[in-house]
Amino acid sequence: MLRFEDVQITQGDFTLRADLSVDPGARVAVIGPSGAGKSTLLNAVAGFLDIAAGRISWDGGDITATPPAARPVAMLFQDNNLFPHLTVAQNIGLGLRPDLRLSTDQRVLVDGALDRVGLGALGDRRPGQLSGGQQGRAALARVLIQRKPIVLLDEPFAALGPALKTEMLDLVAELASETGATLLMVSHDPADARRICPQTILVDEGRAAPPTDTAHLLDNPPPGLRAYLGN
Amino acid sequence: MRRLPNGKRRWRARVTRHAPLPAWPGLLAGLFLCALILGPLAAVTWRAGGGGWPVAADWAALRFTVLQAVLSALISVALAVPVARALARRRFPGRGPLITLLGAPFILPVIVAVLGLLAVFGRGGVLNDLLLWLGLPRVQIYGLHGVVLAHVFFNLPLATRMILQGWQAIPAERFRLAASLGMSPGTVLRVLEWPMLRGVLPGAALIIFALCLSSFAVALTLGGGPRATTLELAIYQAFHFDFDLGRAAVLAVMQLALVVAAAAPALRWGAATGFGAGLDRVQRRWEAETPLLRAQDAALIALVALFLLTPLAAVVWRGLAGVADMPAQVWRAAAVSLGVSLAATVLCLALALALAVLALRRPWIEALGLMGIAVSPLVIGTGLFLIVNPWADPARLALAVTALVNAVMALPFALRMILPRLREVEDSHGRLATSLGMTGAARLRWLILPRLRPVLGFSAGLTAALAMGDLGVIALFADMENATLPLQILRLMGAYRMEQAAGAGLLLLILSLALFWAFDRGGRDNAAV
């Protein structure tokens, strides 16, 4: 279980509070108005932001002071999820060894991950030679190979067209259920949340609320969320 | 809290914990740099204390240094304004190569340029042949006007590029608006161009002034005598002819004070000077589309091309004649210079990279790296000589010191190019690398070096070419056995073996350009987008 215990994150004059827990294997959307702190919440879990107070724990172990790479977390960012100067296979291999000294077994794992996301023949290409959808698949293949129990998505597919985005989200859901990973996904689109996330954390007015049922929340939005959704 | 254009909070590397790259190489580089710069300065100042008060000749050298720098700056900038305007508003075949050529003097060895200028303006030069044929008296290149001529040759292109950037920073829409309002060329100058020039010209003049203050090789070859001696040259003479270390130290302190006073403002303006990316745009200028202005611009461009190309062509022409019978020392000196140049390049890049990594977290480190611009090589050389002399024969360390000083002199340029790019790389890819656990060597090998490759190549090319052609500190230290190629050329000139000097000059020109080309090309080849 991922727990936020009286967590307080401060960035300049902005403060976000969170006191909540996420069940293992849950798929949770993080929604809220722009600038409310959705990415801030994810960056705190990933270890890119120091928290001012409280603690974050996973399976009972405190990870508040753990360096980013040692946390049980794999993250996809809004952009730059692949290194443009490395091949797709190298990009995925980094999920196993940050110095890319891969054993034969590990190379087999990389090939397997490529096959799993449907990029079997494209391992030697550079990201620039792939389409947007293929780049998304390559990044997901790395997340898959990292085998981290928590997966954080900070709108990595926002730049894709609607059909491609849906395809990516379905792949994310499939991979998450295969690996049993806990998923936290920032989204601007309520339809994304409805599609693959049974639960939702609402971030608004400096507070991240505990996860609630997505459909219920979106059908009966509180005033702040209603204003944001615009209906 | 800074925000990115898309409204996101900017992610910053955490300062305290889990730094992905170690700080110690940068700290080590910083200490090394401080020792290398401040140590000699301290030695010079301490020694100057026993050297007495400056004598009349020293004040004369100070006056001449300032005078030639002022003249060089004013003339370069005054000539550059119409040339830059012509380039900004005219499209013609060869414009691209000409703009590239304007960048060339930066890596052109001074001694080669001097050979070329002598071939055109010297005693037996093209100009005097022409004057003789016309029945006019000869002109003399040696003295103040020769020094200024050489400085204009080097700095007119620099000024032109800086001012051209200013012109291209004026939005094209303004000129379109001016055309639709029917403004005359004079009105456009007053309303659009003059405000830009007022902003750009002082900086350009100040930078050239500061560069000319440390002129050594030009003053050594074209100046000299009590009436045309710069402080740097006076330091060299105090060493070379009188071996008066006390007086050299006094002069070095004067030079230091002068350069520091000029460098502080020049550095501030210098932030705006790039290496001319995006100078290939031409603005359509409706008001200037008259036959008269067209002819005027064409004439200006032709004159500048002639002024820059003739000396270079003369180096090649005369060099081809001399290349056949170059003495063995020339080839040995060429090999020595290559070694010095490569050593300086490796050291400079290592220092720049280490300092840049540290500067990500401690921005003030950048200022440390820029110190190299504010000190003159001969002052550092004097100081190092003073430090080394009691312990060892300085001549034995001549090449090592030359490589060291060149690395420090090129460091500001390398740092200026590497640091912004490193910031970009860390901003766009640093978080992913950190989340994957890429630290230390892995981060360097798989993220930073590949992403920085083009700027590293360009910096290496620049450093290698500058070090290859440097004629400064080596002149203080070297004995007859040790010579770099520029020093060897100077010695051949001193012995009036001009044919051989020309051949060696051509060799030096080719090696400098080849080094720059090879490194720059190597950085861009295969570079992933």
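- The name an unreviewed UniProt entry assigns to chain B is Thiamine transport system permease protein, from the organism Lutimaribacter pacificus.
- Checking UniProt for chain B, the heading Subcellular location (unreviewed entry) contains the comment "Cell membrane".

- Looking at an unreviewed UniProt entry, one finds chain A named Thiamine transport system ATP-binding protein and attributed to Lutimaribacter pacificus.

With respect to the overall build of chain B
Then comes step 1: On a plain count of helices and strands, chain B comes out with 20 helices and zero strands.
Then comes step 2: A compact globule built from 529 residues should have a C-alpha radius of gyration of about 24 Å, and chain B, at 24 Å, falls within 12% of that.
Then comes step 3: In terms of principal-axis extent, the alpha carbons of chain B reach across some 70 × 70 × 50 Å.
Then comes step 4: Looking at chain B as a whole, 54% of its 529 residues qualify as buried.
Then comes step 5: Taking the intrachain contacts of chain B between residues at least 6 apart in sequence as the baseline, contacts between residues at least 24 apart amount to 83%.
Then comes step 6: In the structure as shown, chain B presents an accessible area of about 23,200 Å², 68% of it carried by carbon and sulfur atoms.
Then comes step 7: The average position of the 46 basic charges and that of the 23 acidic charges among the side chains of chain B differ by 12 Å.

Topic: the overall build of chain A
Then comes step 1: When helices and strands are counted, chain A shows eight helices and eleven strands.
Then comes step 2: Scaling as 2.2 N^0.38, a compact globule of 231 residues should have a C-alpha radius of gyration of about 17 Å, and chain A matches this with 18 Å.
Then comes step 3: Principal axes of the C-alpha set define a box for chain A whose edges measure 50 × 40 × 30 Å.
Then comes step 4: Put simply, chain A has 231 residues, and 54% of those count as buried.
Then comes step 5: Within chain A, contacts between residues separated by at least 24 positions form 67% of all contacts whose residues are at least 6 apart in sequence.
Then comes step 6: Carbon and sulfur atoms make up 48% of the accessible area of chain A, which totals about 9,400 Å².
Then comes step 7: Across chain A, the 21 positively charged side chains and the 26 negatively charged ones have centroids separated by 4 Å.

Quick word on the domain arrangement of chain A
Residues and elements named next belong to chain A.
Then comes step 1: The domains assigned to chain A are domain 1 (2–72 + 148–229) and domain 2 (82–147).
Then comes step 2: Each of domain 1 and domain 2 has a C-alpha centre, and these two points are 25 Å apart.
Then comes step 3: Counting residues at the interface gives 14 residues for domain 1 and eleven residues for domain 2.
Then comes step 4: Carbon and sulfur atoms make up 68% of the surface buried where domain 1 meets domain 2, a total of about 1,100 Å² over both sides.

Re a nonpolar patch on the surface
Then comes step 1: Together, V70, L74, I75 and L79 of chain B line one region of the surface with nonpolar side chains, adding up to about 320 Å² of accessible area.
Then comes step 2: Checked against the element boundaries, L74 of chain B lands in helix α2 (residues 56–89).

Details of unusual backbone geometry
Then comes step 1: The backbone phi angle of E155 of chain A is positive, close to 55°, even though this residue is not glycine.
Then comes step 2: Along the polypeptide, E155 of chain A turns up in the loop between β7 (150–154) and α5 (162–179).
Then comes step 3: On the accessibility criterion, E155 of chain A (9% relative accessible area) is buried.
Then comes step 4: At F243 of chain B, a position not held by glycine, the phi torsion is positive, near 40°.
Then comes step 5: Along the chain, the position of F243 of chain B falls in the loop between α10 (231–240) and α11 (245–270).

Describing the pairing of strand β2 (residues 14–22) of chain A
Residue and element names in this part refer to chain A.
Then comes step 1: Along β2, the buried face is formed by F14, L16, A18, L20 and V22; none of T15, R17, D19 and S21, which line the opposite face, is buried.
Then comes step 2: Where strand β1 (residues 2–11) and β2 come together, eight bridges link them in antiparallel fashion. Residue pairing in the sheet places R3 in a bridge with S21 of β2.
Then comes step 3: Hairpin connection from β1 to β2: two residues lie between these consecutive antiparallel strands, with G12 at a positive phi of about 60°.
Then comes step 4: In this structure, β2 lies alongside strand β10 (residues 207–208), joined through two bridges in parallel fashion. Across the sheet, residue A18 finds its bridge partner in β10, namely A208.

Description of the interface of chain B and chain A
Then comes step 1: At the junction of the two partners, chain B supplies 26 residues and chain A supplies 37 residues.
Then comes step 2: Both faces considered, chain B and chain A share a buried interface measuring about 2,900 Å² in area, 58% of it formed by carbon and sulfur atoms.
Then comes step 3: There are zero salt bridges connecting chain B and chain A.
Then comes step 4: Our count for the chain B to chain A interface comes out at four residue pairs in polar contact (both at pLDDT 80 or more).
Then comes step 5: Elements represented by at least two residues in the side of chain B that touches chain A include exactly α16 (398–435) and α17 (440–469) of chain B.
Then comes step 6: In terms of residue count, the dominant contributor to the side of chain B that touches chain A is α16 of chain B (seven residues).
Then comes step 7: Residues belonging to the side of chain B that touches chain A are distributed by class as follows: twelve nonpolar, eight polar and six charged.

With respect to empty space enclosed by the protein
All names here are of chain B.
Then comes step 1: Under the defined criterion, the tally for this structure stands at four cavities of 30 Å³ or more.
Then comes step 2: The space that makes up the second largest cavity amounts to roughly 40 Å³.
Then comes step 3: Lining the second largest cavity, in full, are L101, A104, P105, L108, F153, L308 and L312.

With respect to the nonpolar core
A general feature of soluble globular proteins is that nonpolar side chains tend to end up buried together.
Then comes step 1: Counting residues in each nonpolar core, the largest one holds 213 residues, and the members touching the most others are I201 of chain A together with W167 and L485 of chain B.
Then comes step 2: Domain assignment of the residues forming this core places at least three in each of domain 1 (2–72 + 148–229) and domain 2 (82–147) of chain A.
Then comes step 3: Apart from residues lying up to four places away in sequence, L485 of chain B is in contact with V330, A333, A334, S337, M468, A504, L507, L508 and L511 of chain B.
Then comes step 4: Core analysis: the second largest hydrophobic core is formed by 42 residues, V88, L114, A139 and L217 of chain A among them.

Focus: the packing of helix α6 (residues 144–168) of chain B against helix α12 (residues 291–322) of chain B
Residue and element names in this part refer to chain B.
Then comes step 1: Between α6 and α12, whose axes approach to 11 Å, the crossing angle comes to 115°. Seen along the crossing, α6 lies across α12 with a hand that is left-handed. When α6 is examined against α12, the residues L149, V152, F153, L156 and P157 are found in contact with a partner set consisting of V304, F307, L308 and P311.
Then comes step 2: Residues belonging to the contact of α6 with α12 are distributed by class as follows: nine nonpolar, no polar and no charged.

So, the UniProt feature "domain: ABC transmembrane type-1" (unreviewed entry) in chain B
Then comes step 1: Feature annotation in UniProt places "domain: ABC transmembrane type-1" (unreviewed entry) on residues 62–264 and 334–519 of chain B, given in this structure's numbering.
Then comes step 2: Strand forms 0% of residues 62–264 of chain B and helix 77%; the C-alpha atoms that close the span are 19 Å apart.

Quick notes on the layout of surface pockets
Residues and elements named next belong to chain B.
Then comes step 1: By volume, the second largest pocket is sized at about 880 Å³.
Then comes step 2: Considering the residues around the second largest pocket, the lining is formed by 34 residues, among which L118, L490, M493, G494 and M498 are closest to the centre.
Then comes step 3: Of all the elements in the fold, those that place two or more residues in the lining of the second largest pocket are α4 (110–121), α9 (217–222), α10, α12, α19 (485–494) and α20 (498–524).
Then comes step 4: Broken down by class, the residue content of the lining of the second largest pocket amounts to 21 nonpolar, nine polar and four charged.

How each quantity is defined
- Residues numbered from 1 in each chain as written.
- Chains lettered and ligands numbered in written order.
- Predicted model: local features only at pLDDT ≥ 70, side-chain atom pairs only at ≥ 80, totals over all residues.
- Heavy atoms only, no water.
- UniProt positions renumbered as here; feature names shortened; annotations may be inferred.
- Helix = DSSP H or I, 4+ residues; strand = E, 2+ residues; numbered from the N terminus.
- Rg over C-alpha atoms; globule rule 2.2 N^0.38 Å.
- Buried < 20%, exposed > 50% of the residue type's maximum accessible area, 1.4 Å probe, protein only.
- Contact = heavy atoms within 4.5 Å.
- Areas by Shrake-Rupley, 256 points an atom, 1.4 Å probe, with all protein chains shown as cover.
- Lys, Arg positive; Asp, Glu negative; His and termini not counted.
- Charge placed at Lys NZ, Arg CZ, Asp CG, Glu CD.
- Domains from an automatic or database assignment.
- Buried area = accessible area lost by both parts, 1.4 Å probe.
- Patch = residues over 30% accessible without salt bridge, like charges linked within 9 Å, V, L, I, M, F, W, Y side chains within 5 Å.
- Salt bridge = Lys/Arg side-chain N within 4 Å of Asp/Glu carboxyl O.
- Pairing = 2+ DSSP bridges.
- Polar contact = N/O pair within 3.5 Å; in protein donor to acceptor, adjacent residues only side chain to side chain.
- Nonpolar A, V, L, I, M, F, W, Y, C, P; charged D, E, K, R; others polar.
- 1 Å grid on protein atoms, 1.4 Å probe; cavity = no way out; pocket = protein on both sides within 12 Å on 5 of 7 lines; lining within 4 Å.
- Points joined across faces, edges and corners; volume = space filled by probe spheres on them.
- Core = buried A, V, L, I, M, F, W, Y, C linked by side-chain atoms within 4.5 Å.
- Axes fitted to C-alpha atoms, helices over the stretch in contact; angles between N-to-C directions.
- Left-handed = near helix turned anticlockwise from the far one by under 90°.

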